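# Notes for the structure review
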Amino acid sequence: MDHGNGQSDNATPGGARKGVLLLNYGGPRNEAEVFPFLQEIFGDPALFRYPAWIRKRLAHHLAARRTPVTVSIYREIGRYSPIWEETGDQARALQSALGGGYRVFTGMRYFPEDMRNAAREILDSGVGELLLLPLFPQESDTTTGSAIQAARASLKEAGFNGKILESRHFFRETGFLRALCSLLRDKLSEADEKPRIIFSAHGLPLKLALKDNYHDQVRETAKLVSNELSIILSLTNPSVNGWQEAILAFQGKVGPMKWLKPSVEETIEEWSKSGCRSLLLVPISFVSEHSETLYEMDILYRELAESFGMKFSRVPTVRCHPLFIDSLAEICRRKLDV
């Protein structure tokens, strides 16, 4: 069962002294949550590095403009964000994998009250050591750093005085990579003809991407998966000559700033010129389903690919894949059992 912050009923083993706080973005569960969710995103100092008074006004303005668009996106998907349920499922699965002696909590970065509730539960639980574990495979100040900072602030406000540890990425973890490979291998085995592959990751504005290791870690993720499955990966711009088997591209661009390239859209358009007939998208920076997979990938990119006569398919996110959950459990034990 969900206790507001996604924690499960069976995640309360008596006497647990070690805790794990899974951190995720969160997402609107209904129309009323869309505006405050967007306002929190646009007010995040990790994303918009302006003085607080400017950021507050900007966040309100941008959220008001973006809310109708976001509401229409979720209507087209047919439901609001599943990220709360899926993160709760991951917490329950991780609790089961860890067993007694640990307690697993969840906190959503862009839902401040949820983060405060998580901090209070952690304080009341009596755990003495806590691992902050953001559910972002690759590290960025805009995701990992932002979530950890918000969690630490809420824990301090709640009066938690225990030891706090951090796990800042898991893109090299064997279980995570094996889960990705397993899901990709399954999709390849289903294909009538060999598809060309786009490894897709959440994009960032260039001015932010240049300040951390996110881009390099995403590239390494794509390389590691490709090497395991003997896929020839190109880390250049999309080519129209037809030789590229797989490429890394980025999605989620908002606004006029320059973002990481190539984009998924331009890759599909360029590949269409070389007669690409079958396309497979592989999300490598997401571990649960949300608007970037359910809307951008499954609706927008599908429609674009099919408009060029391509067959379209998509690998699901790792969610509660046993290999992924085992990987998270290994991280927890490695960090906390020292």
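Heads up: these notes are all about the structure in this document. (Residues numbered from 1 in each chain as written. Predicted model: local features only at pLDDT ≥ 70, side-chain atom pairs only at ≥ 80, totals over all residues. Heavy atoms only, no water.)

### Some remarks on the overall build of the protein chain
- When helices and strands are tallied, the protein chain shows eleven helices and nine strands.
- Against the globule reference of 20 Å for 338 residues, the protein chain gives a C-alpha radius of gyration of 20 Å, in line with a compact fold.
- Principal-axis analysis of the C-alpha atoms places the extent of the protein chain at approximately 60 × 45 × 35 Å.
- Relative to its 338 residues, the protein chain shows a buried fraction of 54%.
- Pairs at least 24 residues apart make up 78% of the contacts formed inside the protein chain by residues separated by at least 6 positions.
- Accessible surface, the protein chain: about 14,700 Å² in total, of which carbon and sulfur atoms supply 51%.
- Both charge centroids of the protein chain, one from 42 positive and one from 42 negative side chains, sit 5 Å from each other. (Helix = DSSP H or I, 4+ residues; strand = E, 2+ residues; numbered from the N terminus. Rg over C-alpha atoms; globule rule 2.2 N^0.38 Å. Buried < 20%, exposed > 50% of the residue type's maximum accessible area, 1.4 Å probe, protein only. Contact = heavy atoms within 4.5 Å. Areas by Shrake-Rupley, 256 points an atom, 1.4 Å probe, with all protein chains shown as cover. Lys, Arg positive; Asp, Glu negative; His and termini not counted. Charge placed at Lys NZ, Arg CZ, Asp CG, Glu CD.)

### Observations concerning the pairing of strand 3 (residues 129-134)
- Within strand 3, six of the six residues are buried, which leaves the element mostly enclosed by the surrounding structure.
- Alternating residues of strand 3 divide into Glu 129, Leu 131 and Leu 133 and Leu 130, Leu 132 and Pro 134, and every residue in both groups is buried.
- As paired elements, strand 1 (residues 18-24) and strand 3 share six bridges and run parallel to each other. Paired with Gly 19 across the bridge in strand 3 is Leu 130.
- Looking at chain direction, strand 3 and strand 4 (residues 163-166) are connected through four bridges and run parallel. Paired with Leu 132 across the bridge in strand 4 is Glu 166. (Pairing = 2+ DSSP bridges.)

### Some words on the nonpolar core
- With 47 residues, the main nonpolar core has Val 20, Leu 94, Leu 184, Phe 199, Ile 284, Phe 324 and Leu 328 as its most contacted residues.
- Those residues in contact with Phe 324 that lie beyond four places of it in its chain are Gln 90, Leu 135, Phe 170, Gly 175, Phe 176, Ala 179, Val 287, Val 318 and Arg 319.
- If you look at the next biggest cluster of nonpolar residues, it comprises 17 residues, including Leu 130, Leu 132, Ala 150 and Phe 160. (Core = buried A, V, L, I, M, F, W, Y, C linked by side-chain atoms within 4.5 Å.)

### Considerations on the sheet that holds strand 7 (residues 246-251)
- In spatial order, the strands read 6-7-5-8-9; together these five strands make up an open sheet with parallel pairing. The outermost strands of the open sheet, each flanked by one partner alone, are strand 6 (233-234) and strand 9 (311-314).
- Bridging between strand 5 (residues 196-202) and strand 8 (residues 278-283) involves five bridges; their strand directions are parallel. Within the sheet, the bridge partner assigned to Ile 197 lies in strand 8 and is Leu 280.
- Contacts between helix 10 (residues 291-307) and the sheet are confined to strand 5, strand 7, strand 8 and strand 9, with strand 9 contributing the most and set at about 165° to the helix. (Axes fitted to C-alpha atoms, helices over the stretch in contact; angles between N-to-C directions.)

### Quick notes on the side chain of Asp 212
- When you line up the elements, Asp 212 lands in the loop between helix 7 (206-209) and helix 8 (214-228).
- In this structure, Asp 212 is buried with no salt-bridge partner, the nearest side chain bearing the opposite charge being Arg 49 at 6.2 Å.
- A polar contact of 3.0 Å, which involves the side chain of Asp 212, links it to the backbone nitrogen of Asp 141.
- Within polar-contact distance, the side chain of Asp 212 engages the backbone nitrogen of Tyr 214 at 3.1 Å.
- Residue contacts for Asp 212: discarding those within four places in its chain leaves Glu 139, Ser 140 and Asp 141. (Salt bridge = Lys/Arg side-chain N within 4 Å of Asp/Glu carboxyl O. Polar contact = N/O pair within 3.5 Å; in protein donor to acceptor, adjacent residues only side chain to side chain.)

### Some remarks on the side chain of Ser 327
- Positionally, Ser 327 belongs in helix 11 (residues 322-336).
- Ser 327 gets classed as buried once you look at its relative accessible area, which sits at 5%.
- Beyond its immediate stretch of four places on either side in the chain, Ser 327 contacts Glu 173, Gly 175 and Phe 176.

### What about a nonpolar patch on the surface?
- Together, Tyr 50, Trp 53 and Ile 54 line one region of the surface with nonpolar side chains, adding up to about 320 Å² of accessible area.
- Among the residues examined, Ile 54 registers a relative accessible area of 31% and is labelled partly exposed. (Patch = residues over 30% accessible without salt bridge, like charges linked within 9 Å, V, L, I, M, F, W, Y side chains within 5 Å.)

### Observations regarding the packing of aromatic side chains
- If you walk through the whole model with that rule in mind, you get ten aromatic pairs.
- Centre to centre, the rings of Tyr 25 and Tyr 110 are 6.2 Å apart; their planes meet at 10°, and the pair counts as stacked. Here the residue Tyr 25 occupies a position in the loop between strand 1 and helix 1 (34-42), and Tyr 110 occupies one in the loop between strand 2 (102-108) and helix 4 (112-125), the gap between them amounting to 85 residues.
- Look at Tyr 110 and you get buried, because its relative accessible area is 3%.
- Both rings, one in Phe 170 and one in Phe 324, keep their centres 5.6 Å apart while their planes meet at 45°; by these two values the pair is tilted. (Phe/Tyr/Trp six-rings, centres within 6.5 Å; stacked < 30°, edge-to-face > 60°.)

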